[in-house]
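Geometric and topological summary
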Amino acid sequence: MTVFTHDVVIVGAGLAGMRAAIEASRQGADVAIVSKLHPVRSHSVAAQGGINAVINPEDTIKDHEFDTVKGSDYLGDQDRIEVLIAEAPMNIYELEHMGAAFSMVGEGEALAQRHFEGRLGTIDQRPFGGQNFPRTCFIQDRTGQALLHTMYENLLRQGVMVYEEYYTTRLVVKDGVVGGVVALDQRTGELHLFRAKAVLLATGGYGRVFSVTSNAMDVTGDGMAMAFREGVPLEDMEFVQFHPTGLYPTGILVTEGARGEGAYIVNGKGERFMSRYAAGKMELAPRDVVARAIQTEIEEGRGVKGRPYVDLDLRHLGCAKIQERLPQIRELGINFAAVDCLTQPLPIRPTAHYSMGGVPTDVNGASTLKGLFAAGECSCISVHGANRLGGNSLLETVVFGRRAGMAAAAFVKGTALPEVPAGVLETEKKRIGALLDARGPESVPRIREELQTVMFDKVGIYRTEGPMKEALAKARELKKRYKDIHLSGGSLVFNTELIEALELQSLLEVAEVIALCAINRTESRGSHFRRDFPKRDDQNWLKHTLARRKGDDIVLDYKPVAITKYPPQERKY
Ligand SMILES: Cc1cc2nc3c(=O)[nH]c(=O)nc-3n(C[C@H](O)[C@H](O)[C@H](O)COP(=O)(O)OP(=O)(O)OC[C@H]3O[C@@H](n4cnc5c(N)ncnc54)[C@H](O)[C@@H]3O)c2cc1C
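Model, not experiment: these values are computed from the prediction.

With that out of the way, let us pick up the overall build of the protein chain. In terms of regular secondary structure, the protein chain is built from 16 helices and 21 strands. Seen through its principal axes, the protein chain has C-alpha atoms that stretch 65 × 50 × 50 Å. Of all 573 residues assigned to the protein chain, the portion counted as buried reaches 63%. Long-range pairs, those at least 24 residues apart, make up 73% of the contacts in the protein chain between residues at least 6 apart in sequence. Split by element, the accessible area of the protein chain, about 20500 Å² in all, is 51% carbon and sulfur. Here the protein chain carries 69 positive and 73 negative side-chain charges, and the mean point of each set is 2 Å from the other.

The following block contains the structure:
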């Protein structure tokens with residue numbers, strides 16, 4: 001057992017964590033990252049389609065703001081959205097200067113005939129869902145990979161200390177102040193205390209709560225669960241984004257960029273059915289609208305070949321365009337669905353994709369707990385409200401990662417190292433030791449699978465009170481059964497069974513909050529669609545949900561939505 005001390009400890013090395021670390025370090029703070037994965041394996045690497053910003057002179061900040069507010073179904077806090085959009089262009093150019101090789105206007109043979117209007121050699125942009133202008137910057141369909149590697153190179157250059165493959169098991173809090181974290185070195189199985197004046201959570205989302213998801217295996221809501229256990233509220237957890245185009249059957253993502261480039265969605269009868277759901281925007285309506293349309297077609301028996309999927313047809317885009325702009329999509333189709341999208345449509349259905357909710361923070365990433373900051377998908381600054389626009393999440397990681405890093409560095413100046421509770425490491429060692437010795441009848445994979453299935457089936461795209469209550473009861477029952485799990489013990493070196501057991505604790509914690517908040521919100525808004533309450537109800541529900549743990553109970557509270565320029569209107573596409 002070792003005690004490490006730094007000014008700022010950042011948990012998570014995705015885009016948000018690394019961007020925050022670079023900024024805090026630039027401001028002179030002693031920063032360390034603690035991450036359960038090597039940084040470039042973080043889920044940000046899987047982002048495909050792109051990142052939004054107003055960089056074309058014909059586009060306007062106001063349009064990007066309005067698209068985001070409308071996309072959020074008016075639940076996004078408009079003062080925060082203004083910051084996101086205003087700082088977007090600067091962040092794109094900064095990424096470019098850091099070394100990100102964005103796809104450029106005029107690049108590639110297939111584009112040679114396009115009319116460039118003097119923009120040759122500037123960053124190219126593609127259309128994305130729910131937006132009135134093509135403002136999504138991209139690097140083919142591997143945007144996340146390129147950005148994450150660029151960020152890692154800059155992190156190394158900045159000399160930030162990274163504790164790779166350290167799994168954080170808890171926050172250390174005394175008298176309402178965060179003083180660090182406890183983390184397990186997966187290479188040795190040893191637990192260490194990290195003392196810090198500020199802790200910044202950048203642990204990503206919780207997609208693995210659901211059986212069909214585009215998210216990597218490690219996206220298990222650890223940071224949200226850790227904060228929640230310490231009495232920090234979680235905001236707007238009922239809003240889970242289902243991405244319309246997950247590859248059937250795995251749920252692996254097919255980027256919205258495919259539709260941005262012109263792909264059609266077609267049902268078993270050969271109809272481009274989006275004309276019935278969003279005649280104006282068709283395939284490029286926002287994700288919640290398209291996901292519900294696909295789910296309805298499937299549920300009403302218009303899936304392809306009577307199966308639970310519809311087709312995403314790219315064939316008319318032609319070989320050159322697909323190879324230049326969507327090469328990874330072609331590879332994924334061949335490898336995971338045995339379909340070559342040059343000659344056949346891809347089978348797709350909605351897949352759990354993104355967590356709109358999370359740890360509430362101010363515009364500089366500060367949470368309600370002193371010394372605790374959060375950024376990226378685990379946070380809820382509330383720029384996405386009830387539904388996130390594609391391309392706004394990568395943007396959030398860099399804009400608010402930078403801000404949170406700066407704020408954490410300012411916070412630690414002149415702050416003394418907080419006290420930590422006596423014996424915290426020993427207590428945690430006992431808790432983990434008891435898990436390692438668990439020899440009950442229950443299996444971790446089985447509990448996880450039962451949880452994921454019930455959450456996808458009953459707290460998914462379409463929701464009603466009865467099934468959701470069943471899901472909540474099931475989540476609670478599984479939590480009880482978890483007390484009797486079985487681990488096989490063995491070596492502590494890379495004991496992945498232990499890590500999975502710890503991750504399951506997070507999934508169970510987060511799932512209960514999602515189900516409870518979803519039952520509680522008796523309206524439909526953005527991604528949260530209630531068959532028993534199909535209308536948006538601004539009178540009663542134009543407010544954020546806050547869920548807080550009190551002993552065994554979860555208490556719900558609310559806070560108002562910040563509305564600056566755009567009063568709520570009917571949302572039509
Ligand atoms: C397939 C896919 C495609 C996407 N495409 C796009 C896109 O084109 N455009 C867009 O805007 N958004 C996209 N998104 C969303 C976007 O990529 C994510 O929201 C964003 O990258 C999240 O970044 P992050 O830094 O918050 O978290 P992540 O990148 O998920 O990183 C989380 C980090 O936390 C660490 N961590 C977690 N728990 C612990 C723990 N207990 N202890 C220690 N470390 C821990 C992990 O090791 C990891 O380093 C996509 C998402 C997916 C899944």
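The next thing to look at is the packing of aromatic side chains. Tallied over the entire structure, the rule returns 13 aromatic pairs. Here the aromatic cluster, defined as three or more aromatic residues joined through ring pairs, consists of Phe 4, Tyr 163, Tyr 166 and Phe 194. The cationic tip of Arg 531 hangs over the ring face of Tyr 462; the distance from NZ or CZ to the ring centre is 3.9 Å. It is Lys 543 that lies over the ring of Trp 541; its NZ or CZ is 5.1 Å from the centre.

Locating Asp 313 in the fold gives a position in strand E13 (residues 310-313). The class of Asp 313 is buried, set by a relative accessible area of 12%. Within the structure, Asp 313 has its side chain in polar contact with the side chain of Arg 315 (distance 2.8 Å). For Asp 313, the residues in contact, after removing those within four places along its chain, are Ala 263, Tyr 264 and Pro 345.

A separate point is the site of the ligand. Close to the ligand lie 38 residues, the nearest being Ser 42, His 43, Ser 44, Glu 377 and Ser 393. With respect to the ligand, the side chain of Glu 377 contributes an N or O atom lying 2.6 Å from an oxygen atom. At 3.4 Å from an oxygen atom of the ligand is found a main-chain nitrogen or oxygen belonging to Gly 391. Secondary-structure elements contributing two or more residues to the shell around the ligand are helix H1 (15-26), strand E2 (31-35), strand E7 (166-174), strand E14 (346-355) and helix H11 (392-412). Looking at the shell around the ligand element by element, the count peaks at four residues for H11. Tallied by class, residues from the shell around the ligand come to 14 nonpolar, 20 polar and four charged.

For strand E8 (residues 177-185), the tally of buried residues reaches eight of nine residues, placing the bulk of the element in the interior. In terms of strand pairing, E7 meets E8 through eight bridges, oriented antiparallel. Pairing of Arg 170 across the sheet is with Val 182, part of E8. If you look at the hairpin formed by E7 and E8, you'll find two residues sitting between the two strands, and Asp 175 has a positive phi there, around 50°. Taken together, the six bridges between E8 and strand E9 (residues 190-201) define a ladder with antiparallel strand orientation.

This paragraph deals with the sheet that holds strand E5 (residues 136-137). Across the sheet, which stays open at both edges, the three strands sit in the order E3-E5-E4 with antiparallel pairing between neighbours. Unpaired on one side and paired on the other, strand E3 (51-52) and strand E4 (125-126) mark the two borders of the sheet. When E3 meets E5, the two strands line up antiparallel, connected through two bridges. For Ile 51, the partnering residue across the bridge sits in E5 and is Cys 137.

Right, let's talk about the nonpolar core for a bit. Nonpolar side chains tend toward joint burial in soluble globular proteins. Residues Phe 210 and Ile 514 are the most contacted members of the largest nonpolar core, which totals 85 residues. When near neighbours in sequence (up to four residues on either side) are disregarded, Phe 210 contacts Val 240, Phe 242, Ala 352, Gln 452, Met 455, Phe 456, Val 459 and Ile 514. Judged by nonpolar contacts, the second largest core, of 59 residues, contains Ile 33, Tyr 74, Ala 198 and Ala 375.

Quick look at the sheet that holds strand E20 (residues 543-550) now. Across the sheet, three strands lie side by side as E10-E20-E21; this open sheet has antiparallel pairing. The sheet is open, and its two edges are formed by strand E10 (234-235) and strand E21 (553-560), each paired on a single side. Relative to E21, E20 is paired through eight bridges, and the arrangement is antiparallel. Directly across from Lys 543, in E21, lies its bridge partner Pro 560.

Any two side chains of opposite charge can pair, given that their charged atoms come close. Taken as a whole, this structure holds 55 salt bridges when the rule is applied. With a shortest N-O distance of 2.9 Å, Lys 36 and Asp 222 are connected by a salt bridge. Taken together, the residues span a long stretch of sequence, with Lys 36 in the loop between E2 and E3 and Asp 222 in helix H5 (residues 222-229) at a distance of 186 residues. For Lys 36, a relative accessible area of 17% gives the class buried. You can call Asp 222 buried: its relative accessible area is 8%. A salt bridge links Arg 476 to Glu 512; the nearest nitrogen and oxygen atoms lie 2.9 Å apart. Pair noted here: Arg 476 is in helix H14 (residues 465-482) and Glu 512 is in helix H15 (residues 496-520), with a separation of 36 residues, a long-range link. You can call Glu 512 buried: its relative accessible area is 4%. Taken together, the salt bridges that share partners define one network made up of Asp 73, Glu 238, Asp 288, Arg 292, Arg 521, Glu 523, Arg 525, Arg 536, Asp 538 and Arg 571.

Glancing now at the packing of H1 against H11. Running from amino to carboxyl end, H1 crosses H11 at an angle of 35°, the nearest separation of the two axes being 7 Å. As for how H1 packs across H11, the hand of that crossing is right-handed. In contact with Leu 15, Ala 16, Arg 19, Ala 20, Glu 23 and Ala 24 of H1, H11 contributes Leu 394, Thr 397, Val 398, Gly 401, Arg 402, Gly 405, Met 406 and Ala 409.

Bringing the environment of Ser 42 into the picture now. Structurally, Ser 42 is set in the loop between E2 and E3. A sequence separation of 106 residues divides Ser 42 from Leu 148, and the C-alpha atoms of the two residues are 8.3 Å apart. In this structure Ser 42 touches Ala 13, Gly 14, Leu 37 and Leu 148, once residues within four positions along its chain are discounted. A polar contact of 3.1 Å, which involves the side chain of Ser 42, links it to the backbone oxygen of Ala 13.

Another point: unusual backbone geometry. Geometrically, the link from Tyr 248 to Pro 249 is a cis peptide bond, its omega value of 5° lying close to zero. Inspection of the secondary structure assignment puts Pro 249 in the loop between strand E11 (240-247) and helix H6 (256-260). Despite not being glycine, Asp 175 has its phi angle at roughly 50°, a positive value.

The rules behind each value
- Residues numbered from 1 in each chain as written.
- Predicted model: local features only at pLDDT ≥ 70, side-chain atom pairs only at ≥ 80, totals over all residues.
- Heavy atoms only, no water.
- Helix = DSSP H or I, 4+ residues; strand = E, 2+ residues; numbered from the N terminus.
- Buried < 20%, exposed > 50% of the residue type's maximum accessible area, 1.4 Å probe, protein only.
- Contact = heavy atoms within 4.5 Å.
- Areas by Shrake-Rupley, 256 points an atom, 1.4 Å probe, with all protein chains shown as cover.
- Lys, Arg positive; Asp, Glu negative; His and termini not counted.
- Charge placed at Lys NZ, Arg CZ, Asp CG, Glu CD.
- Phe/Tyr/Trp six-rings, centres within 6.5 Å; stacked < 30°, edge-to-face > 60°.
- Lys NZ or Arg CZ within 6 Å of the ring centre and 35° of its normal.
- Polar contact = N/O pair within 3.5 Å; in protein donor to acceptor, adjacent residues only side chain to side chain.
- Near = heavy atom within 4 Å.
- Nonpolar A, V, L, I, M, F, W, Y, C, P; charged D, E, K, R; others polar.
- Pairing = 2+ DSSP bridges.
- Core = buried A, V, L, I, M, F, W, Y, C linked by side-chain atoms within 4.5 Å.
- Salt bridge = Lys/Arg side-chain N within 4 Å of Asp/Glu carboxyl O.
- Axes fitted to C-alpha atoms, helices over the stretch in contact; angles between N-to-C directions.
- Left-handed = near helix turned anticlockwise from the far one by under 90°.

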